[in-house]
Number of protein chains: 2
Amino acid sequence: MGIAERKEREKEDMRKLILNAARKLFLEQGYEKTSIRGIADAIEYSPATIYLYYKDKNELLFALHEDAFLKMMQELGQVRSIHDPFARLLEMGHQYIKYAIENPELYDLMFIMKAPMETLACREEIWEDGLKAFGFLKEVITDCVNAGYFKNKNIEISALTIWSYMHGLVSIYLKNRMTMFQDDQQLQGMQQSFILFTSMIRDSL
Amino acid sequence: MGIAERKEREKEDMRKLILNAARKLFLEQGYEKTSIRGIADAIEYSPATIYLYYKDKNELLFALHEDAFLKMMQELGQVRSIHDPFARLLEMGHQYIKYAIENPELYDLMFIMKAPMETLACREEIWEDGLKAFGFLKEVITDCVNAGYFKNKNIEISALTIWSYMHGLVSIYLKNRMTMFQDDQQLQGMQQSFILFTSMIRDSL
DNA sequence: CAAATATACTAAACACTGTTTAGTAAGCAA
DNA sequence: TTGCTTACTAAACAGTGTTTAGTATATTTG
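Note that the coordinates shown come from a computational prediction; the quantities given were computed from them, not determined experimentally.

Re unusual backbone geometry
All names here are of chain A. The backbone phi angle of Glu44 is positive, close to 60 degrees, even though this residue is not glycine. Relative to the helices and strands, Glu44 is located in the loop between helix H2 (36-43) and helix H3 (47-53). A residue is classified by how much of its surface remains accessible, and Glu44, at 73% relative accessible area, is exposed.

Describing the layout of surface pockets
Of the pockets and cavities examined, the largest pocket occupies roughly 1300 Å³. Together, 35 residues line the largest pocket, and Tyr31, Glu32 and Met113 of chain A together with Glu32 and Met113 of chain B are the ones closest to its centre. For the lining of the largest pocket, the secondary structure elements donating two or more residues are helix H6 (104-111), helix H7 (115-122) and helix H9 (155-174) of chain A together with helix H6 (104-111) and helix H7 (115-123) of chain B. Tallied by class, the residues present in the lining of the largest pocket amount to 13 nonpolar, 8 polar and 14 charged. In this structure, the second largest pocket encloses a volume near 370 Å³. Lining the second largest pocket are 16 residues, and of these Met117 and Ala121 of chain A together with Asn176, Thr179 and Asp183 of chain B lie nearest its centre. Here the residues of the lining of the second largest pocket are counted per class, giving 8 nonpolar, 4 polar and 4 charged.

Considerations on the environment of Gly77 of chain B
The residue Gly77 of chain B is located in helix H4 (residues 57-77) in this model. Separated by 64 residues in sequence, Gly77 of chain B and Ile141 of chain B have C-alpha atoms that sit 14 Å apart.

Things to note about the nonpolar core
Formed by 107 residues in total, the largest nonpolar core has its most connected members in Phe111 of chain A together with Phe111 of chain B. For this core, the leading source of residues is H9 of chain A, giving 13 residues. Contacts of Phe111 of chain A, omitting those with residues within four sequence positions, involve Phe69, Met72, Tyr96, Trp127, Trp163 and His167 of chain A together with Lys175 and Arg177 of chain B.

Topic: the interface of chain B and chain A
At the interface, 45 residues of chain B touch 44 residues of chain A. Taking both sides of the interface into account, the surface hidden between chain B and chain A amounts to around 3800 Å²; carbon and sulfur atoms contribute 70%. Looking only at chain B, the three residues that lose the most surface to chain A are Arg177, Met180 and Met200 of chain B, adding up to 19% of its buried area. For the interface between chain B and chain A, the tally reads 0 salt bridges. For the pair chain B and chain A, the interface holds 9 residue pairs in polar contact (both at pLDDT 80 or more). Those elements giving two or more residues to the side of chain B that touches chain A turn out to be H6, H7, helix H8 (128-146), helix H9 (155-174) and helix H10 (186-204) of chain B. Examining the composition of the side of chain B that touches chain A, we find that 14 residues originate from one element, H9 of chain B, more than from any other.

Conventions and cut-offs
- Residues numbered from 1 in each chain as written.
- Chains lettered and ligands numbered in written order.
- Predicted model: local features only at pLDDT ≥ 70, side-chain atom pairs only at ≥ 80, totals over all residues.
- Heavy atoms only, no water.
- Helix = DSSP H or I, 4+ residues; strand = E, 2+ residues; numbered from the N terminus.
- Buried < 20%, exposed > 50% of the residue type's maximum accessible area, 1.4 Å probe, protein only.
- 1 Å grid on protein atoms, 1.4 Å probe; cavity = no way out; pocket = protein on both sides within 12 Å on 5 of 7 lines; lining within 4 Å.
- Points joined across faces, edges and corners; volume = space filled by probe spheres on them.
- Nonpolar A, V, L, I, M, F, W, Y, C, P; charged D, E, K, R; others polar.
- Core = buried A, V, L, I, M, F, W, Y, C linked by side-chain atoms within 4.5 Å.
- Contact = heavy atoms within 4.5 Å.
- Buried area = accessible area lost by both parts, 1.4 Å probe.
- Salt bridge = Lys/Arg side-chain N within 4 Å of Asp/Glu carboxyl O.
- Polar contact = N/O pair within 3.5 Å; in protein donor to acceptor, adjacent residues only side chain to side chain.

Next comes the structure, spelled out in structure tokens:
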């Protein structure tokens, strides 16, 4: 009998309905100002219904966190068409900055907020999405090493170092701490710093 | 008449009483779980009283943010005794990491949370504390340039680049995103990355 | 087909949150 | 002693995430 299957589909539809409304509100007004009641209103269901499909607000944020990674990987993945590994790494950096600036709330969810990590912790799962993205960075760095760009053979540490810089740069900008530059010169400052950093790793990583 | 002065003193005492209770609770249970009511209970006053001394919760957080910077500058300032500027920069890095790990909630307040910046924005003031700390970093870098360690003459960009790396590294750790290492090897990983980064800037900044 | 059961949903409550308002009691000045 | 100011608070306002108990509807069973 197909009833069970239909119910399963309907359940999945409902999860998507909730998630889409959540994403919309979340991106429109930010995490802090989006309430379960607001999401419930948007889909014209009671707040309690949401708890039949998602354990709590953290789980809802975690689901958004997951497709934020999907989106980022799609955008970063485009660099695969670049043959030279160092040029590919550079473009990856540009795309990373672009993604962070264009999706500040998602970036927060992916790399700054504790909520999604707590869901992961109490499920006793690993941070798959993050590790996959980190793995992609390691691949590109490995290619750079193999092409003779970098001499350092510890890919893990090289990747962590590069990611730390990138994450720090965009975090400082997104969290409004780049006040050593005037508002309209912050992007330019980031650009200059990025050029400096990339020339540094090219010369001596 | 000394009555006005006494009242002024009492007002200042009350502000400190509130702030000390706020700091204690905040460090004990974190920002999110500390409520105005909790602070009011701790000092045995009504919640409304707190609003006679601080405009809102953001202002309370901003006050803590200020003495978090005071504390950090005290700890970082110790490196002034190191003569060699590059060794001084290295030690500053160590101290920065140490401070972040030992005071994760304060670090959040200083460099990640938006609340203190919002208070600053609506007061139309600049981020004095942050710029002062950044200025100290620039001083040390200038010394490194003058001593012939670094060839790059754009101190502002060099400082931003170094700070970005440091901030990224500690943020990734503090926000539990360093899952490429097992829990007990994350500090070691940071150490290795720090060594790599410092060797990179020594060779080619 | 009717009765029993399972499912989907919600109203209302619980226990909180930051913040404001209106009112009280004490301290001080005239 | 009267009038005014200051310090404080009880209670309310408008929200929050989450849970409970109960109601219809849909499905399965006798």
